[in-house]
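# Examining the three-dimensional arrangement
Chain by chain, the residues run as shown.
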Amino acid sequence: TITGLTLNTAFHVRAYATSPAGTAYGADMQFTTSTPVGPFAYITGLGDNSLSVIDTATNTVSSTLAIAGGPRGVAVNSTAGTVYVVQENSWVYLTDPPTVTAVDAKTNSIAGTFDLFGITPVNAAANPDGTKIYVTDDNSDAVSVIDTKTGAVSYIDTGNLTFGLALHPDGKRLYLTSESADVVV
C-alpha cells in the first residue's frame, strides 16, 4: 500500500532489485490517483424535479441540481465519481423517452444522458468498475443495461415486471424483485 499521495495526480512507479550481480529494473507503471466522491448522499425529488446532494458529515444539503422529467432512482459509482439518475420523462404520455442522466459528482454538473427502453424506469445500480448501469422498469419485462463507455443500451429479458435491484459486489449477479417473482440474472 502506498499512502500520502496527492489526489488527481499521475504517478510512475518502477520496482528494482540490487544484488552483487547488479541492479535489475521492472517495467515502468503509471497510475493516477482519483478524488473520492466524498461523504455524500444523493436524493431525488420527484415532485420538484431535483437531485439534492446531502453532505453526510454535516447533515446539510450542499447543493441541488435541476433534473427534469421525474427523477426516481439513483446509482452512485464512487470509483468513476459519477451519479446516475433515472428519469421517467412522461413517456407514459408519449412525449419523451425515459432517460438516465449522468452527473459528475466532483463538480455536481450534468455529464450526459442515456435513452432507455421501457415506460417507467424505477431504480438503478452501477457495477463495481462503473462500466455498466442496470435500470429496472416496473412496466416492462426487461432491465436496461447501459454501457457507460459507448452509451450503447442493451436489455436483459426478465419475463417479469421488475422494480427493485441489487448488484452483487463482484458485479457478476444481479438480483431483481418484481410483482410476480424474484429473479437472479
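Up top you'll find the structure we're talking about.
Reference entry: report on the structure contained in this document.

Calculation rules
- Residues numbered from 1 in each chain as written.
- Predicted model: local features only at pLDDT ≥ 70, side-chain atom pairs only at ≥ 80, totals over all residues.
- Heavy atoms only, no water.
- Pairing = 2+ DSSP bridges.
- Helix = DSSP H or I, 4+ residues; strand = E, 2+ residues; numbered from the N terminus.
- Axes fitted to C-alpha atoms, helices over the stretch in contact; angles between N-to-C directions.
- Buried < 20%, exposed > 50% of the residue type's maximum accessible area, 1.4 Å probe, protein only.
- Phe/Tyr/Trp six-rings, centres within 6.5 Å; stacked < 30°, edge-to-face > 60°.
- Core = buried A, V, L, I, M, F, W, Y, C linked by side-chain atoms within 4.5 Å.

As a further point, take the sheet that holds strand β8 (residues 71–77). In spatial order, the strands read β8-β9-β10-β11; together these four strands make up an open sheet with antiparallel pairing. In the strand order of this sheet, the two ends are held by β8 and β11 (109–115), each with one partner. Taking the axes of each pair of neighbouring strands and ignoring which way they run, one obtains an average angle of 25 degrees across the sheet. Strand direction decides the pairing type here: strand β10 (residues 99–104) and β11, joined by six bridges, are antiparallel. Across the sheet, the residue bridging to Thr-101 is Thr-113, located in β11.

Ordered in space as β12-β13-β14-β15, the four strands form an open sheet in which the pairing is antiparallel. Strand pairing shows two members of the sheet lacking a second neighbour, β12 (121–126) and β15 (153–157), which therefore form its edges. Across the sheet, the mean angle separating the axes of adjacent strands is 25 degrees when strand polarity is ignored. Sheet analysis places β12 next to strand β13 (residues 132–137), joined by four bridges and oriented antiparallel. The residue of β13 that forms the bridge with Ala-126 is Ile-133.

Attention now moves to the environment of Gly-81. Within the secondary structure, Gly-81 is located in the loop between β8 and β9 (82–87). Taking relative accessible area as the criterion, Gly-81 reaches 1% and is therefore assigned buried. For Gly-81 and Lys-106, which are 25 residues apart along the polypeptide, the C-alpha to C-alpha distance reads 6.5 Å.

Bringing the pairing of β15 into the picture now. By the bridge criterion, five bridges tie strand β14 (residues 142–147) to β15 in an arrangement that is antiparallel. Note that in β15 the partner of Val-143 across the bridge is Ile-156. Joining the antiparallel neighbours β14 and β15 is a turn of five residues, in which Gly-151 adopts a positive phi near 85 degrees.

Let us look at the pairing of strand β7 (residues 60–66). By the bridge criterion, six bridges tie strand β6 (residues 50–55) to β7 in an arrangement that is antiparallel. Each residue of the ladder has a partner; that of Ser-50, found in β7, is Ala-66.

Our focus in this paragraph is the packing of aromatic side chains. Per the stated rule, a full pass over the model turns up one aromatic pair. Taking the centre distance of 6.1 Å and the plane angle of 40 degrees together, the rings of Tyr-16 and Tyr-25 count as tilted. Given a relative accessible area of 58%, Tyr-16 falls into the exposed group. What makes Tyr-25 exposed here is its relative accessible area of 54%.

All right, on to the nonpolar core then. Counting residues in each nonpolar core, the largest one holds twelve residues, listed as Ala-75, Tyr-84, Val-86, Val-100, Ala-102, Phe-114, Leu-116, Ala-124, Ala-126, Ile-133, Val-135 and Ile-146. Going through the elements one at a time, β9, β10, β12 and β13 are the ones with two or more residues in this core.

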